[in-house]
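A structural walkthrough
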Amino acid sequence: MSDYPEPRRLSFPDEGRLPWLSPLLDAYHIIDQGVHEGVRRQELQGRRLACANGCSACCRSHLTIPVYPLELMGLYWYCSERLAGDLRGRVGKQLRAQVPGQPCPFLVEGSCAVHPMRPIACRQFNVFDRVCAEGEDAFHSRRADVLTPIPRFADRAFDRMLPFYGITDRRERREAIKTGRLHALARVLQGLEWAKLAERMDGADEAAGSEAKGTVG
């Protein structure tokens, strides 16, 4: 039996007021299903998934993680409206201090602070048999040990996201998937101005504080 759990679709009450959130969560669930199937196939060949909780070498060594506009909306929403407590403060501090080319700003003490909303590239990167060495990018050092995404799952996931980009016609969607048109929209996560997200989080905190004062008053 596989140690890799069967993925469940995430759900949030905000899906009712944010029309873009359900397609993103659907796409992530499809990607997670594809990863689950890919891992299962490798395990049937006697391989063992090396990635586990607490393993974050790729979060530090991968400096060109692609992130799509819809994924950015998910990250902005999750950090602004779902993160709380000390973790929220830690993430905000790291976002303000982020310099292009540094490791992922969402990595806090070896754990992903935005794990439910981590990008597709992060969800699909899985390594078998041996944990990555510090600073190692297994995709380049031992490609055979890195999971190759199953195309039909990735295609379905991106197809679910296409209406957000104004691509709704079925034929146009097929063509967009075939040509990889959506990939041209991806940005490098580590190169974005994350201080803007920190400002958004501060604004949300101020609004919540004002609302609380109004309620008490």
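Residues numbered from 1 in each chain as written. Predicted model: local features only at pLDDT ≥ 70, side-chain atom pairs only at ≥ 80, totals over all residues. Heavy atoms only, no water.

**Details of empty space enclosed by the protein**
So the rule is basically this: The distinction between a cavity and a pocket rests on a 1 Å grid over the protein atoms alone: a 1.4 Å probe fits inside a cavity but cannot get out, while a pocket stays open yet meets protein on both sides within 12 Å along at least five of seven lines, and a residue with an atom within 4 Å of a point counts as lining. Grid points are joined across faces, edges and corners, and a volume is the space filled by probe spheres set on the points. Numbering of helices and strands runs from the N terminus, with a helix taken as a DSSP run of H or I at least four residues long and a strand as a DSSP run of E at least two residues long.
Taken as a whole, this structure holds one cavity of 30 Å³ or more when the rule is applied. Here the largest cavity is characterised by a volume of approximately 40 Å³. I31, G34, V35, Q124, L147, P149, I150, F153 and A154 are the residues that line the largest cavity. Take the lining of the largest cavity: its biggest share by element is three residues, from helix 1 (residues 21-44).

**Some details on the nonpolar core**
For clarity, the cut-off: Among buried residues, the Ala, Val, Leu, Ile, Met, Phe, Trp, Tyr and Cys ones that are joined through side-chain atoms within 4.5 Å form a nonpolar core. A simple rule labels every residue: compare its accessible area, found with a 1.4 Å probe on the protein chains alone, to the largest value its type can have, and call it buried under 20%, exposed over 50%, or partly exposed in between. Note on contacts: a residue pair qualifies if any of its non-hydrogen atoms lie within 4.5 Å across the two residues.
V91, F106, M117 and W194 are the most contacted members of the largest nonpolar core, which has 52 residues in total. Of all the elements in the fold, those that place two or more residues in this core are helix 1, helix 3 (69-81), helix 4 (85-97), helix 7 (151-161) and helix 9 (195-216). In contact with M117, not counting residues within four places along its chain, are L21, L24, L25, Y28, G74, L75, W77, Y78 and R123. A57, F125, C132 and V146 belong to the second-largest nonpolar core, a separate cluster that totals six residues.

**As for helix 1**
For the record, the criterion: To estimate how far a helix should reach, multiply one less than its number of residues by 1.5 Å.
The terminal C-alpha atoms of helix 1, which comprises 24 residues, lie 35 Å apart, in line with the 34 Å expected from a rise of 1.5 Å per residue. Of the residues one or two after helix 1, G46 is the one with positive phi, at around 90°.

**Observations regarding the pattern of salt bridges**
Any two side chains of opposite charge can pair, given that their charged atoms come close. We count it as follows: One side-chain nitrogen of Lys or Arg within 4 Å of one carboxyl oxygen of Asp or Glu is enough to make a salt bridge.
Following the criterion strictly, the structure yields 20 salt bridges and no others. Across the pair D26 and R160 runs a salt bridge, and its minimum N-O distance is 2.9 Å. Of this pair, D26 sits in helix 1 while R160 sits in helix 7, and the two are 134 residues apart along the sequence. On the accessibility criterion, R160 (32% relative accessible area) is partly exposed. Several salt bridges share partner residues, and in doing so they unite R47, D129, E136, R142 and D145 into one network.

**Focus on the packing of helix 1 against helix 3**
Where we set the bar: Here, axes are lines fitted to C-alpha atoms. For helices the fit covers the stretch in contact, and angles between N-to-C directions go from 0 to 180 degrees. By definition in this entry, angles of less than 35 degrees are roughly parallel, angles greater than 145 are roughly antiparallel, angles of 65 to 115 are roughly perpendicular, and the rest are oblique. Note on residue categories: nonpolar means Ala, Val, Leu, Ile, Met, Phe, Trp, Tyr, Cys or Pro, charged means Asp, Glu, Lys or Arg, and polar means any other residue, Gly included.
Contact geometry of helix 1 with helix 3 gives a least axis separation of 10 Å together with a crossing angle of 105°. Regarding the angle of helix 1 to helix 3, the classification is roughly perpendicular. The residues of helix 3 that touch helix 1, namely those facing L21, L24 and Y28, are L70, E71, G74 and W77. Taken together, the residues of the contact of helix 1 with helix 3 break down into five nonpolar, one polar and one charged.

**Structural notes on the packing of helix 1 against helix 7**
Relative to each other, helix 1 and helix 7 sit at 175°, their axes nearing to 8 Å. Judged by the angle between their axes, helix 1 and helix 7 are roughly antiparallel. Taken together, the residues of helix 7 that come into contact with helix 1 (itself represented by S22, P23, D26, A27, I30, I31, Q33, G34, E37 and R41) are R152, F153, A154, R156, A157, R160 and M161. The residue makeup of the contact of helix 1 with helix 7, split by class, is eight nonpolar, three polar and six charged.

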